[in-house]
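# Overview (structure and organization)
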Amino acid sequence: MTRTLAASLLLSLSLTTAAPAADYIGEPAPHAAYAAGACSNASVLGFITRRFDYKAANYLHANLAIAEIRDMGQNRFEPRDYTHLVEREYCYATAVMTDGVRRPLWYLIERPWGFAGVGRSIEFCVGGLDPWYVYGAHCASLR
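What you are looking at is a predicted structure, and each value in this text was computed from that prediction instead of being measured.

### Considerations on the pattern of salt bridges
Should the charged atoms of two oppositely charged side chains come close, the side chains can pair. Within the structure shown, the criterion is met by 5 salt bridges. A salt bridge links Arg 70 to Glu 68, with the shortest nitrogen-to-oxygen separation between them at 2.8 Å. Taking the relative accessible area as the measure of exposure, Arg 70 reaches 25% and is therefore partly exposed. In this structure, Glu 87 engages Arg 111 in a salt bridge whose closest nitrogen and oxygen atoms are separated by 3.0 Å. Taken as a pair, Glu 87 in strand 2 (residues 87-97) and Arg 111 in strand 3 (residues 102-111) lie far apart in primary sequence, 24 residues in all. Overlapping salt bridges bring together Glu 87, Glu 89 and Arg 111 as one network.

### As for the state of the cysteines
Using the criterion set out here, one finds 2 disulfides in the structure. Each sulfur of the disulfide joining Cys 39 and Cys 91 lies 1.8 Å from the other. Its S-S torsion of approximately -65° makes the covalent link between Cys 39 and Cys 91 left-handed. Placement of Cys 39 in the loop between helix 1 (2-23) and helix 2 (42-60) and of Cys 91 in strand 2 is noted, with a sequence separation of 52 residues between them. With respect to class, Cys 39 is no different from Cys 91; both count as buried. Cys 125 shares a disulfide with Cys 139; S-S distance 2.0 Å. Residues Cys 125 and Cys 139 share a disulfide whose torsion about the S-S bond is about -60°; that sign makes it left-handed. Within this pair, whereas Cys 125 is found in strand 4 (residues 121-126), its partner Cys 139 is found in the segment after strand 4, the two being separated by 14 residues in sequence.

Basis of the calculations
- Residues numbered from 1 in each chain as written.
- Predicted model: local features only at pLDDT ≥ 70, side-chain atom pairs only at ≥ 80, totals over all residues.
- Heavy atoms only, no water.
- Salt bridge = Lys/Arg side-chain N within 4 Å of Asp/Glu carboxyl O.
- Buried < 20%, exposed > 50% of the residue type's maximum accessible area, 1.4 Å probe, protein only.
- Helix = DSSP H or I, 4+ residues; strand = E, 2+ residues; numbered from the N terminus.
- Disulfide = S-S within 2.5 Å.

The following block contains the structure:
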């Protein structure tokens, strides 16, 4: 009886420790693309376009605007949980500029944000148009 109880206890412990390890097998590689999610949301893309117009005129002093944003995707998703109070979606796209140049666009959507956790925050960086490296070399902090 004691031997049977010990064997069943050992078997149940081995099964419970093996289960979490099996969960990691199905995870995508760090460089894999996810579904676009909020990255292709029209209000997010509109905010980026309007905000870039302001930054180009007031900081870059350039007559430049985003004509089109295409090929949107999500390259990383950090869900909200008990240790991370803010959900983060790291996105990428191609920004077609008014001068005809296609530039990489990296952006981050964080929510909940703002007063009492209502709303969202959107940070973005257009490749080659961050002369002060606010987001690091080649927009590294938004990738």
